Structure formats: structure tokens, C-alpha cells
Amino acid sequence: YFDDPVEVACLWESCGAPLLHVVDLDGAFSGECKNFTSIEQIARAVKVPIEVGGGLRHRTIIETMFAIGVSRVVLSTQAITDPAFLKEIVSLYPDRVVISIDAVGENVKLAGWIKTAEANIFTVLKDLEQAGVKRINYTDISHDGTLEGFDLDPFKRIIRSTSMQVVAGGGIRSLDDLKALSGLKQDGLAGVVIGKALYEKTIDLKQAIELYG
């Protein structure tokens, strides 16, 4: 969609985005941050908070992200498979760590969605709560990137089964979808991540922010 990640970051900021969600997809597959330069340039270019995920599996790279101005890190594979790592990072940065739960049904997907966690999603949620995690990004990847809409029920089940803040993503394609999700705020929905719908222009970001609040 864009040749320059910084250009699009500035675009969404200019449209009123309250937070930029940045994923290093190469890093998610490889297990190592692969697009550090672009992330650093984004952090320098925008004033709104940014959260970054994808390949952040060591304390050193997490601390480096904070040093360049990243507000929150989004962890998945290492946090879910290594309880000691999760406990350490959450104890150090309790308000700056988000765990990404990417799931198909009750199966939690890891390593760029190519592996499946041993525990089901509800066990994973319980383990995260016990570790002190405050916020998760939950993505229904069976609908992610399809622009075919989404099933509200999985979001309801996840939100109502945990005390952690939940940010929803996956398949959101229209203002009607956002309207449906906004009804879950009272149950604990903390926010929504919108991706492809913005790039395909099926959702106008300014209208989305006005609607969702």
C-alpha cells in the first residue's frame, strides 16, 4: 500500500489516530526484530503513542524499543511459551506490556501464526492474568485481513472470561462492525485495532474515531 512506513504513520496520525499499532511481520516469522530502522523512524516522526510487536523475544530488544520512544511492546510467542520471561518483563514494565492473543477458535497461534500453543485460549488467559498482565490484543485470525466482517461471539467470550483489558481486531471492515463492537465496552473492551479496512478505504478513520469515541 505504501513504500514508506513513516509516510503512512504520519498519515494516520494526521487523521486523529490515538495510537499506532506497528507489527514487524518479518520479525514475527524469524523471531528477531528485522525492521528496527523503520520503527525508529516512525517513533521519531510521530507524537502519538506507538506500540510495536513482532519478534520481540528478548529483554534487550524490548528495552531498546522503549529507548527509541516506543510506548508499549506487544509480545506473543515468547511470553506465552516462557513463563519466566513473561514474569520478568511484566514485573519490570507492568503498564507497557501488551500480550497478543492471535487465535482460531480456542487455538492460540504463535510464531507468525505457523505454530499452535499447547494450551487452549482460556488456559492461556488464566496464565497471563496470574502473571500480572493488564492488557491483551485479541485477534480472530480466521477473519483477519479478509474484509468479510467478523463473528462477535468470540469477542464476547474472551472479554467476559478475563479481567484484563481487551483490544479487539480481525475482520473489522465497516462502521457497522465498530458499532457492534462498541456495545462491548461495558464488558471491558478497551479498544479496537483497524488495519486493512483503512488501507482499502472501507472505513474512514476520522469517522471511526468519532463513532467509537
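Nothing here was measured: the structure is a model prediction, and the numbers come from that model.

Asks: Where do I start with the side chain of T162 in this structure?
Replies: Summarising the element assignment, T162 is placed in the loop between α8 (152–160) and β8 (165–169). Judged by its relative accessible area of 12%, T162 falls in the buried class. A distance of 2.6 Å separates a polar atom in the side chain of T162 from a polar atom in the side chain of E129. Side-chain polar atoms of T162 contact the backbone nitrogen of M164, separated by 3.1 Å.

Asks: What is the right way to read α8 from this model?
Replies: Because an α-helix completes one turn every 3.6 residues, residues spaced three or four positions apart along the sequence face the same direction. For α8, the full list of buried residues reads P154, F155, I158 and I159. The arc enclosing the buried residues of α8, seen along the axis, measures out at 125 degrees, which places them on a common side. The secondary structure elements touched by the buried residues of α8 are α7 (121–130), β7 (135–140), β8, α9 (175–182) and β9 (189–192). The backbone nitrogen of D153 lies 3.1 Å from a side-chain oxygen of the residue at the head of α8, namely D151.

Asks: Would you take a moment to explain the nonpolar core for this structure?
Replies: A general tendency of soluble globular proteins is for nonpolar side chains to be buried together. Counting 64 residues, the largest nonpolar core has I62, M65, L75, I99, I101, L128 and I136 as its most contacted members. If sequence neighbours within four positions are ignored, M65 has contacts with C33, F36, I39, V52, L56, V70 and V73.

Asks: When you look at the layout of surface pockets in this model, what are you seeing that I'm missing?
Replies: Rolled over the atoms, a probe with the dimensions of a water molecule shows which regions are left empty. Taken as a whole, the second largest pocket spans an internal volume of roughly 200 Å³. Elements with a contribution of two residues or more to the lining of the second largest pocket: α5 (77–81), α6 (83–92), β6 (115–120) and α7. Among the residues making up the lining of the second largest pocket, the classes are represented as nine nonpolar, one polar and three charged.

Asks: Would you mind going over helix α3 (residues 36–45) with me for this structure?
Replies: Taken residue by residue, α3 has I39, E40, I42 and A43 as its buried positions. The arc that holds the buried residues of α3, viewed along the axis, is 160 degrees, so those residues lie on one side. Considering only its buried residues, α3 is in contact with α1 (5–14), β1 (20–23), β2 (50–53) and α4 (59–67).

Asks: Could you clarify how one ought to interpret a nonpolar patch on the surface in this entry?
Replies: On the surface, Y1, F2 and L11 cluster together to form a nonpolar patch covering roughly 310 Å² of accessible area. As for its placement among the helices and strands, F2 is situated in the segment before α1. Overall, F2 belongs to the partly exposed group, its relative accessible area being 34%.

Asks: Sorry, what's going on with the pattern of salt bridges here?
Replies: Two side chains that carry opposite charge are able to pair once their charged atoms sit near each other. The tally for this structure, following the rule as stated, stands at seven salt bridges. Measuring nitrogen to oxygen at the nearest pair gives 3.9 Å for the salt bridge that ties K34 to E32. By relative accessible area, K34 is classed as partly exposed at 49%. The class for E32 is partly exposed, based on a relative accessible area of 49%. Across the pair E63 and R59 runs a salt bridge whose closest N-O atoms are separated by 2.8 Å. Residue E63 and its partner R59 are located together in helix α4, separated by four residues, close to a single helical turn. By sharing partners, the salt bridges in this structure join R59, E63 and E88 into a single network.

Cut-offs and rules
- Residues numbered from 1 in each chain as written.
- Predicted model: local features only at pLDDT ≥ 70, side-chain atom pairs only at ≥ 80, totals over all residues.
- Heavy atoms only, no water.
- Helix = DSSP H or I, 4+ residues; strand = E, 2+ residues; numbered from the N terminus.
- Buried < 20%, exposed > 50% of the residue type's maximum accessible area, 1.4 Å probe, protein only.
- Polar contact = N/O pair within 3.5 Å; in protein donor to acceptor, adjacent residues only side chain to side chain.
- Arc of directions from axis to C-beta.
- Contact = heavy atoms within 4.5 Å.
- Core = buried A, V, L, I, M, F, W, Y, C linked by side-chain atoms within 4.5 Å.
- 1 Å grid on protein atoms, 1.4 Å probe; cavity = no way out; pocket = protein on both sides within 12 Å on 5 of 7 lines; lining within 4 Å.
- Points joined across faces, edges and corners; volume = space filled by probe spheres on them.
- Nonpolar A, V, L, I, M, F, W, Y, C, P; charged D, E, K, R; others polar.
- Patch = residues over 30% accessible without salt bridge, like charges linked within 9 Å, V, L, I, M, F, W, Y side chains within 5 Å.
- Areas by Shrake-Rupley, 256 points an atom, 1.4 Å probe, with all protein chains shown as cover.
- Salt bridge = Lys/Arg side-chain N within 4 Å of Asp/Glu carboxyl O.

So far we have only geometry, and geometry alone does not tell us how the molecule works.
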